[in-house]
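# Close look at the chain arrangement
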Amino acid sequence: MAGERLTEARWTHVALPSADLDASVEFYTAMTPLVVVSTHSDEQGRNAWLSNPGQAETPFVLVLVEFAKDKGRPSPQLTPFAHLGMEVPRREDVDAIAARARALGCLHWEPRLLPPPVGYVCALTDPDGNVVEISHDQKVFEEVRSLWGTGGDGG
């Protein structure tokens, strides 16, 4: 798989500005399963790419960008409802993440059961004020996999 080239157009990332890249990386690596894949910097600023560990077949990255000219000035892009969505395998995972977020003062929505297709959700607020939804039983993963199969090749 190393050195494999892209052969078709696909989603690869979402990019968000960050007023404090270190605080944002700490938030996402502590509150979600994301890990730092890569970091880059130049005179304009620096960035970090985060993804699920081992996500090689269909990589998708959260790119956090700290522009030097905007350092220290949060500019939330995803609020009050717009959000990044992450599914977890168990309802208890939502509750555990919500408890950690509540303790840290970054719980945006308390856990709640909503009608299908939403499922059991809570939401967090990242250091820049962006909303991150944590869901269980929303079935985005399962619905897409059942539509196109588990091979990820569209067929």
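Residues numbered from 1 in each chain as written. Predicted model: local features only at pLDDT ≥ 70, side-chain atom pairs only at ≥ 80, totals over all residues. Heavy atoms only, no water.

If you check an unreviewed UniProt entry, the protein chain appears there as Catechol 2,3-dioxygenase-like lactoylglutathione lyase family enzyme from Sphaerisporangium siamense.

### Side note on unusual backbone geometry
Cis geometry marks the peptide bond from Thr-79 to Pro-80; its omega dihedral reads -10°. If you trace the backbone, Pro-80 turns up in the loop between β4 (61-67) and β5 (83-87). Going from Pro-116 to Pro-117, the amide bond is cis rather than trans, its omega being 10°. With respect to the element layout, Pro-117 can be found in the loop between β6 (107-114) and β7 (119-125). If you check the backbone angles, Lys-139 has positive phi at about 70° while not being a glycine. Within the fold, Lys-139 resides in the loop between β8 (131-136) and α3 (140-148). (Helix = DSSP H or I, 4+ residues; strand = E, 2+ residues; numbered from the N terminus.)

### Description of the domain arrangement of the protein chain
By domain assignment, the protein chain separates into domain 1 (12-69) and domain 2 (80-149). For domain 1 versus domain 2, the separation of C-alpha centres amounts to 19 Å. Sorting the residues of domain 1 by area buried against domain 2 places Phe-27, Tyr-28 and Met-31 first, and these three jointly supply 52% of that buried surface. For the interface between domain 1 and domain 2, the tally reads zero salt bridges. (Domains from an automatic or database assignment. Buried area = accessible area lost by both parts, 1.4 Å probe. Salt bridge = Lys/Arg side-chain N within 4 Å of Asp/Glu carboxyl O.)

### As for the pattern of salt bridges
Enumeration according to the criterion identifies nine salt bridges in this entry. Residue Arg-46 is joined to Asp-22 by a salt bridge in which the shortest nitrogen-to-oxygen separation is 3.2 Å. In this pair, Arg-46 sits in strand β3 (residues 45-51) while Asp-22 sits in helix α1 (residues 21-31), placing the two residues 24 residues apart along the sequence. On the accessibility criterion, Arg-46 (26% relative accessible area) is partly exposed. Arg-73 serves as the salt-bridge partner of Asp-70, at 2.8 Å between the closest nitrogen and oxygen. What makes Arg-73 exposed here is its relative accessible area of 51%. Where salt bridges share partners, they join Asp-22, Arg-46, Glu-66 and Lys-71 into one cluster. (Buried < 20%, exposed > 50% of the residue type's maximum accessible area, 1.4 Å probe, protein only.)

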